[in-house]
Amino acid sequence: MDVSQYLEIFIDETSEHIQSLNDCIMTLEKEPENKDTINEIFRAAHSLKGMAGTMGFKRMQHLTHDMENVFQEVRSDKVKVTSEMIDILFQCLDAIESYLDTIKSTSDEGTEDNEALITALNKFLENAENGGAAAPAKEEKKEEKKAEEPENGDDKKKYLSVEFSSKDKDALKAAEESGNKIYGITVEVQKDCLLKAARAFLVFKAVEEFGQIVVYSPSSQDIEDERFELDFSLFLSSNAALDDILKAVKNVSEIADAVGEEVKTATLFHEENVQENLPANTSAAKPAEQAVHKENKPAQTKSKPAGKPVTNRTVRVDIEKLDALMNQVSELIIAKNSLVSIGSQEGGNFQNQSFHEQIEYLERITTSLHESVMKVRMVPIESVVNKFPRMIRDLSRRLNKKMELCMTGEDTELDRTVVDQIGDPLQHLLRNSADHGLESAEVRKERGKPETGTINLNAFQEGNNVIIEVSDDGNGIDTEKVKAKAVERGLVTPEQAEKLSQKEIIDFLFMPSFSMAKQITDISGRGVGLDVVKSNIEALGGDVEVKSKLGVGTKFVVRLPLTLAIIQALMVEIRDEKYAIALGAIQTIEDIPVEDIKYVESKEVINLRGSVIPIIRLDQILDIPPKDEEVESLTVVIVRKGDRYAGLVVDNLLGQQEIVIKSLGKYINNNKTISGATILGDGEVALILDANTLI
């Protein structure tokens, strides 16, 4: 049976189980006696093993099976949790993640057997406290299982009636006429099996090594939907030995038993002899036997109606489908803007009450649709930051520094496309804090700090942006050393360096190949950290700034847009050109008399309610010819980025509008002032100004 159609689901669910195991093992290291955590780990490992087996990934299944053995012994209080065990388990998770990465790229798990890890797991069990307890435990289980089985295996055979369709009969006859034997086989799964359909798939894969399955009973679709109790039947066309086939079936985990025999179609289709040749299948039981089963299991029959399996209330949605839906919403908004434009034309024939009512209705619908789609696209950043506690734990050991990670705001939501790309920049910042930021335990002790350094990751929403702060209580940035490095590399002269502000000095750290590391390690020091952070975040329409105090610590503030698709914007006009400025960046709009403009270091500024704000003339930035006539006052849009403000000088304000962001591709990729374009109602294209790059 082809299970490749389930590959995407397998990848998603395996990623979830790996993350769950990472989290639980981290908790187990701190709380080794926590039974709930131990049980959760066992369940996740068991599910992971079953899924890998179902998909035919034998190496992954083998490794997770041995991990499950360790968890089982911990669960049974036969093995104590130790630091050595935690290290081995984390290495196993890394190996499983490596399998998953290979599966993502090649649809196959590769050829790495990870024998060293499997040996380490088994050796740990052998050398654990109360050594030797693990092996007898397995023997005891075998004895228990043997005791549960009936003495006569034939007692498990159930001969039930099955109605063959004409298609089934033709297929079985054709198989028999070709010279093959027809085997009727009944397979019984264990009572506590959670994934019956998965076990059935494994059985099908096993028997198809010997021949072709001609008939399923119940149907393959019913088996896939788990519409069967504890057993199912199949008819196999094969020339292999029956014992070999049954042995292969019984080797599948969670299979209680398998019985079968060779059948002849002449006997099989004769009503009087059907029961003598057909293996069991509860879905087609005789009325009398069905009544017996109902008496024995009334609660089970009552609680789970046939044909209505329990399902999750959540679904996974392909991001491409969401993108297509978003594009439709985008076109709908453009159509709305077009209608608004027509309706506002002077002398038009649309100035009536009904027309305006329709426009308002369309506006409500598109706004509601936009919000709904955005909610579907929004996902918590938890999916990205959950892997960081494990990373900090590993860094703590490798760097021989005591450190802990405190995270808040993991439920803060971001657009899926932003979340997918923010992981690497955040990882760079956390590694930077661990390697460069935090001092050694000895130095911290000398400075009167706790031996354990703290790294904080805090996320929260602020207007139309999400702020992610990565801070540490370490050494802080030594701006004098950074300044000296910049002079050494010829980036500035010693005279220029003396005039630099703290921000300008720190900005050197974001330059390509600029590193303050004294030695290159695999953690940091190659000068590919902070420049990557800045470029990746700016590519998402965000920005990053640094606040640092020597001896106290450093804070990186990452500001990201909630979405990259549709935004509220203020439309402005500069000469005859229309531009859009994201509403989330705008603080106020001021009418400033020209005589109020002052100069600081040859730059225009205004004093607005006690704050000195630099003036940016957009016509100069955009290389637009200046106005011929002098004006007495300027229309200034005050924008903000973090703690900094700037005033953008525009000619006219056209009002607020919901706009669709269209990428400019590679046409204007060298000008970061323009972040995209939008199509207006009259078909005109307006460029979108990125306030972050202007400040």
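Residues numbered from 1 in each chain as written. Predicted model: local features only at pLDDT ≥ 70, side-chain atom pairs only at ≥ 80, totals over all residues. Heavy atoms only, no water.

1. A few points about the packing of helix α19 (residues 416-437) against helix α24 (residues 530-539)
- Relative to each other, α19 and α24 sit at 150°, their axes nearing to 9 Å. Judged by the angle between their axes, α19 and α24 are roughly antiparallel. α24 is crossed by α19, and the crossing has left-handed handedness. Facing α19, whose interface residues are Ile422, Pro425, His428 and Leu429, α24 presents Leu530, Val532, Val533, Asn536 and Ile537.
- Across the contact of α19 with α24, the residue classes tally to 7 nonpolar, 2 polar and no charged. (Axes fitted to C-alpha atoms, helices over the stretch in contact; angles between N-to-C directions. Helix = DSSP H or I, 4+ residues; strand = E, 2+ residues; numbered from the N terminus. Parallel < 35°, antiparallel > 145°, perpendicular 65-115°, else oblique. Left-handed = near helix turned anticlockwise from the far one by under 90°. Contact = heavy atoms within 4.5 Å. Nonpolar A, V, L, I, M, F, W, Y, C, P; charged D, E, K, R; others polar.)

2. Quick notes on the packing of helix α4 (residues 83-106) against helix α18 (residues 388-399)
- Relative orientation of the contacting elements α4 and α18 amounts to 125°, with a least axis distance of 13 Å. Judged by the angle between their axes, α4 and α18 are oblique. Like other packed secondary-structure pairs, α4 and α18 cross with a definite hand, here left-handed. Residue-level contacts link Ser83, Ile86, Asp87, Phe90 and Asp94 of α4 to Arg390, Arg393 and Arg397 of α18.
- Considered class by class, the residues forming the contact of α4 with α18 number 2 nonpolar, 1 polar and 5 charged.

3. Quick look at the sheet that holds strand β2 (residues 211-217)
- Ordered by their spatial adjacency, 4 strands build an open sheet running β2-β3-β1-β4, and the pairing between neighbours is antiparallel. The sheet terminates laterally at β2 and β4 (255-263), the two strands that pair on one side only. Taken over all neighbouring pairs, the strand axes of this sheet differ in orientation by 25° on average, direction set aside.
- The pairing of β2 with strand β3 (residues 231-238) spans 6 bridges and is antiparallel. Its bridge partner lying in β3, Tyr216 is registered against Leu234.
- Each of β1 (181-189), β2, β3 and β4 touches helix α8 (residues 196-207); the most contacted strand, β3, lies at about 15° to it.
- Here helix α10 (residues 242-250) sits on the sheet and contacts β1, β3 and β4; the angle it forms with β4, its principal contact strand, is near 160°. (Pairing = 2+ DSSP bridges.)

4. Topic: the confidence of the model for the chain
- Across the chain, the average pLDDT comes to 78, with 82% of residues at 70 or higher.
- Highest mean pLDDT in the chain belongs to strand β6 (residues 403-408) (91); lowest belongs to helix α14 (residues 298-303) (34).
- Under a pLDDT of 50 for its full length, residues 132-160 has, in the predicted model, 31 contacts with residues more than four places off or in other chains.
- Under a pLDDT of 50 for its full length, residues 271-313 has, in the predicted model, 58 contacts with residues more than four places off or in other chains. (pLDDT = per-residue confidence, 0-100.)

5. Examining the nonpolar core
- Residues Phe388, Ile422, Leu430, Leu457, Ile468 and Leu560 are the most contacted members of the largest nonpolar core, which totals 56 residues.
- Tallying contributions element by element places α19 first for this core, with 7 residues.
- Those residues in contact with Ile468 that sit more than four places away from it in its chain are Ile381, Ile422, Leu426, Leu457, Asn458, Ala459, Phe556, Val557, Val558 and Leu560. (Core = buried A, V, L, I, M, F, W, Y, C linked by side-chain atoms within 4.5 Å. Buried < 20%, exposed > 50% of the residue type's maximum accessible area, 1.4 Å probe, protein only.)

6. Some details on the sheet that holds β6
- Within the open sheet, the 5 strands sit side by side as β6-β8-β9-β11-β10. Their pairing is mixed. Two strands bound the open sheet, and with one partner strand each, they are β6 and β10 (543-549). Taking the axes of each pair of neighbouring strands and ignoring which way they run, one obtains an average angle of 15° across the sheet.
- For strand β8 (residues 453-462) and strand β9 (residues 465-472), the ladder comprises 8 bridges, and the chain directions are antiparallel. If you follow Glu462 over to β9, its bridge partner there is Asn465.
- Here α18 sits on the sheet in contact with β6 and β8, set at roughly 165° to β6.
- α19 contacts β6, β8, β9 and β11 (553-561) of the sheet and is inclined by roughly 20° relative to β9.

7. Details of the packing of aromatic side chains
- This model, assessed by the stated rule, comprises 4 aromatic pairs.
- For the ring pair Phe10 and Phe57, a centre distance of 5.2 Å and an interplane angle of 55° mean the geometry is tilted. With Phe10 in helix α1 (residues 7-30) and Phe57 in the loop between α2 (35-54) and α3 (58-75), this residue pair connects regions lying 47 residues apart in the sequence.
- Ring plane angle 80° and centroid distance 5.6 Å describe the contact between Phe228 and Phe232, whose orientation is recorded as edge-to-face. Of the two residues examined, Phe228 and Phe232, each falls in the buried class.
- Ring pairing ties together the aromatic residues Phe204, Tyr216, Phe228 and Phe232, which thus form one cluster.
- The ring centre of Phe228 lies 4.9 Å from the NZ or CZ of Lys196, which sits over that ring. (Phe/Tyr/Trp six-rings, centres within 6.5 Å; stacked < 30°, edge-to-face > 60°. Lys NZ or Arg CZ within 6 Å of the ring centre and 35° of its normal.)

8. Some remarks on the environment of Val557
- With respect to the helices and strands, the residue Val557 is situated in strand β11.
- Sequence separation of Val557 and Asp543 is 14 residues, and the distance between their C-alpha atoms is 8.3 Å.
- When sequence neighbours within four positions are dropped, the list of residues in contact with Val557 reads Ile467, Ile468, Glu469, Asp543, Val544 and Glu545.

9. A few points about the environment of Gln212
- Within the element layout of this structure, Gln212 appears in strand β2.
- Sequence separation between Gln212 and Ser238 is 26 residues; the distance between their C-alpha atoms is 6.7 Å.
- When residues no more than four places from it in sequence are discounted, the contact partners of Gln212 are Phe235, Leu236 and Ser237.

10. Some details on the pairing of β11
- In terms of burial, β11 is largely enclosed, as 8 of its 9 residues are buried.
- Of the pairings in the sheet, the one linking β9 to β11 comprises 8 bridges and is antiparallel in character. Looking at the pairing, Glu469 lines up with Val557 of β11.
- Here 7 bridges tie β10 to β11, and the two strands are oriented antiparallel to one another. Bridged to Val546 within β11 is Phe556.
- Two successive antiparallel strands, β10 and β11, enclose a turn made up of 3 residues, where Gly551 displays a positive phi of approximately 85°.

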